[in-house]
Amino acid sequence: MGWDRSRSLFFTAYHKHELFYGRRCGLPKTGDAPGKRGVSYLVKVDVRDNNVDQALRVLKKKLQREGVFREMKLRRAFEKPSARRKREAAEAVRRYRKFLRKRMEKQGY
């Protein structure tokens, strides 16, 4: 089973900090399977019946769930290490409070 570039949309990660839209960057040739030459795909969306609009909506939803948009927003400007630690600690507190709130609703303690 070969890889058909026209039927799938891929995000590829060549380096940990870079995301490229698969159809515009130098992907493997049509006969090559995904994963060769160190390319790993983060998200795959199949285009059905040439319905690209629906595929883009699905892609956007998947990227939203993965947190790609949030990560891109955070990386627009440099964040000092101390500010990063402070933000991550605040996020952990929020997650824990949310967990306690949900546990209180379900189990009552």
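Residues numbered from 1 in each chain as written. Predicted model: local features only at pLDDT ≥ 70, side-chain atom pairs only at ≥ 80, totals over all residues. Heavy atoms only, no water.

Undergrad: Give me the lowdown on the overall build of the protein, citing residues and values where you can.
TA: Scanning the protein from terminus to terminus reveals 3 helices and 3 strands. For the protein, the sequential pattern of α-helices and β-strands runs β-β-β-α-α-α. Across the 109 residues of the protein, 20% fall into the buried class. Partitioning the intrachain contacts of the protein with sequence separation of at least 6 by distance along the chain shows that 48% fall at a separation of at least 24. When the accessible surface of the protein is summed, it comes to about 9300 Å², and 51% of that surface belongs to carbon and sulfur atoms. (Helix = DSSP H or I, 4+ residues; strand = E, 2+ residues; numbered from the N terminus. Buried < 20%, exposed > 50% of the residue type's maximum accessible area, 1.4 Å probe, protein only. Contact = heavy atoms within 4.5 Å. Areas by Shrake-Rupley, 256 points an atom, 1.4 Å probe, with all protein chains shown as cover.)

Undergrad: Which residues make up the pattern of salt bridges, and what are the values?
TA: Any two side chains of opposite charge can pair, on the condition that their charged atoms come close. Inspection of the entire model under this criterion finds 6 salt bridges. One salt bridge connects Arg-70 with Glu-91, and the closest N-O pair in it is separated by 2.3 Å. Of this pair, Arg-70 sits in helix α2 (residues 68-74) while Glu-91 sits in helix α3 (residues 81-107), and the two are 21 residues apart along the sequence. Residue Arg-70 is classed as partly exposed on the basis of its relative accessible area of 47%. Glu-88 is the salt-bridge partner of Arg-84, the closest N and O atoms lying 3.2 Å from each other. You can see Arg-84 and its partner Glu-88 sitting in helix α3, 4 residues apart, about one turn around the helix. Each of Arg-70, Glu-79, Arg-87 and Glu-91 takes part in a single network of salt bridges with overlapping partners. (Salt bridge = Lys/Arg side-chain N within 4 Å of Asp/Glu carboxyl O.)

Undergrad: Which residues make up the nonpolar core, and what values go with them?
TA: A general tendency of soluble globular proteins is for nonpolar side chains to be buried together. By size, the foremost hydrophobic cluster in this structure holds 7 residues: Val-43, Val-45, Val-47, Ala-55, Leu-59, Leu-63 and Val-68. Elements with a contribution of two residues or more to this core: β3 (40-46) and α1 (52-66). In terms of residue count, the dominant contributor to this core is α1 (3 residues). (Core = buried A, V, L, I, M, F, W, Y, C linked by side-chain atoms within 4.5 Å.)

Undergrad: Account for unusual backbone geometry, naming residues and giving values.
TA: Phi angles above zero are rare outside glycine, and Asp-49 is one such case at about 55°. Tracing the sequence through the fold places Asp-49 in the loop between β3 and α1. Take Asp-49: its relative accessible area is 75%, and that puts it in the exposed class. Positive phi values are uncommon outside glycine, yet Asn-50 reaches one of about 55°.

Undergrad: Kindly report on α3, identifying the contributing residues and their values.
TA: The end-to-end C-alpha distance of α3, which contains 27 residues, comes to 38 Å, matching closely the 39 Å that a straight helix rising 1.5 Å per residue would cover. Directly beyond the C-terminal end of α3, a positive phi value near 85° is found at Gly-108. (Expected span 1.5 Å × (residues − 1).)

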